[in-house]
Amino acid sequence: MTPANHADTTRLRAFTEGDLAFLDRLCTDPDALGEFEWPGFGDPRARRKRWETDGYVSAESAAVAIVRADDTVIGIATWKPRGFPSGVTYEIGVGVLPEHRGKGVGTVAQKLLVDYLLDHTTANRIEALTNGGNLSEQKALERLGFSREGVMRGRSFQHGKYVDVLVYGLLRSENRPGTP
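Residues numbered from 1 in each chain as written. Predicted model: local features only at pLDDT ≥ 70, side-chain atom pairs only at ≥ 80, totals over all residues. Heavy atoms only, no water.

Looking at an unreviewed UniProt entry, the protein chain carries the name RimJ/RimL family protein N-acetyltransferase, with the source organism given as Streptomyces pluripotens.

Undergrad: I would appreciate a short explanation of the sheet that holds strand β6 (residues 147-158) in the present structure.
TA: In sheet architecture, strand pairing relies on hydrogen bonds along the backbone and comes in two forms, parallel and antiparallel. A sheet is described by the order of its strands in space; here seven strands give the open sequence β1-β2-β3-β4-β5-β7-β6, paired in mixed fashion. Either end of the sheet is taken by a strand with one partner, and the two such strands are β1 (11-13) and β6. The average angle at which neighbouring strand axes cross in this sheet is 30°, direction not considered. Sheet analysis places β6 next to strand β7 (residues 161-171), joined by eight bridges and oriented antiparallel. Bridge pairing in β7 links Ser147 to Gly169. In the packing of helix α3 (residues 105-120) onto the sheet, contacts are made with β1, β2 (62-67), β3 (73-82), β4 (89-96), β5 (125-131) and β7, and the angle to β4 comes to roughly 155°. (Pairing = 2+ DSSP bridges. Helix = DSSP H or I, 4+ residues; strand = E, 2+ residues; numbered from the N terminus. Axes fitted to C-alpha atoms, helices over the stretch in contact; angles between N-to-C directions. Contact = heavy atoms within 4.5 Å.)

Undergrad: Quick question: what am I supposed to make of helix α2 (residues 44-54) here?
TA: Residues that lie three or four places apart on an α-helix share one face, since the helix turns once every 3.6 residues. The backbone nitrogen of Arg45 has a side-chain oxygen 2.8 Å away, supplied by the residue at the start of α2, namely Asp43. Of the residues trailing α2, Gly55 is marked for its positive phi of about 65°. (Polar contact = N/O pair within 3.5 Å; in protein donor to acceptor, adjacent residues only side chain to side chain.)

Undergrad: Is there a simple way to think about unusual backbone geometry in this case?
TA: Trans peptide bonds make up the majority, and among non-glycine residues the majority have a negative phi. Note that the residue after Phe84, namely Pro85, is joined by a cis bond; omega there is -10°. With respect to the helices and strands, the residue Pro85 is situated in the loop between β3 and β4. Positive phi outside glycine occurs at Tyr56, with the angle close to 75°. Given a relative accessible area of 6%, Tyr56 falls into the buried group. Positioned with a positive phi, Asp71 is a non-glycine residue whose angle comes to about 75°. Here Asp71 is to be found in the loop between β2 and β3. Classification of Asp71 as partly exposed rests on a relative accessible area of 33%. (Buried < 20%, exposed > 50% of the residue type's maximum accessible area, 1.4 Å probe, protein only.)

Undergrad: Can you walk me through the pattern of salt bridges in this structure?
TA: When the charged atoms of two side chains with opposite charge come close together, those side chains can pair. Applying the stated criterion across every chain yields a total of 13 salt bridges. Note that Arg11 is salt-bridged to Asp71, the shortest N-O span being 2.6 Å. With Arg11 in strand β1 and Asp71 in the loop between β2 and β3, this pair connects stretches of sequence that are 60 residues apart. The partner of Asp19 in a salt bridge is Arg13, with the nearest N and O atoms 2.7 Å apart. Each member of the pair, Asp19 together with Arg13, is buried. Taken together, the shared-partner salt bridges connect Arg11, Arg13, Asp19 and Asp71 into one network. (Salt bridge = Lys/Arg side-chain N within 4 Å of Asp/Glu carboxyl O.)

Below you can see the structure in the form of structure tokens.
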């Protein structure tokens, strides 16, 4: 029997109106996005307004739900164009709710997102930024074939201090490993 939140059952889908409580949680629960991603409290209506505006998919940025086999939303996967011209490079990110972390779900979601972008867009490059202290994310990106390309010193401010941000990249021409 496969556990209900096993990585093999993870998929991505567009957000629906029924997911608004999940989106609200991202603005009101400091633990929802984890220690490396919590930006501070925000207007919980902002995510609802964004969903009403474009369903979280636009040319400027996009997000989809990470869901289990039973369609429960357990995270968010995002992408936005970077570089020039638009559509050549996409920056990706994922956030998984704390009760679903440590099971490989985030890595699978990133793989699904990379595959989606390389299969359905003109992307030549996918990049991801991560907190210098987020060792789990660094390992996940490297398992997916990303290369660590650099360090942006003191780029973010979290928990009262400036922290480094690491840059990872994957080119279309590079080998994409199978599902982790």
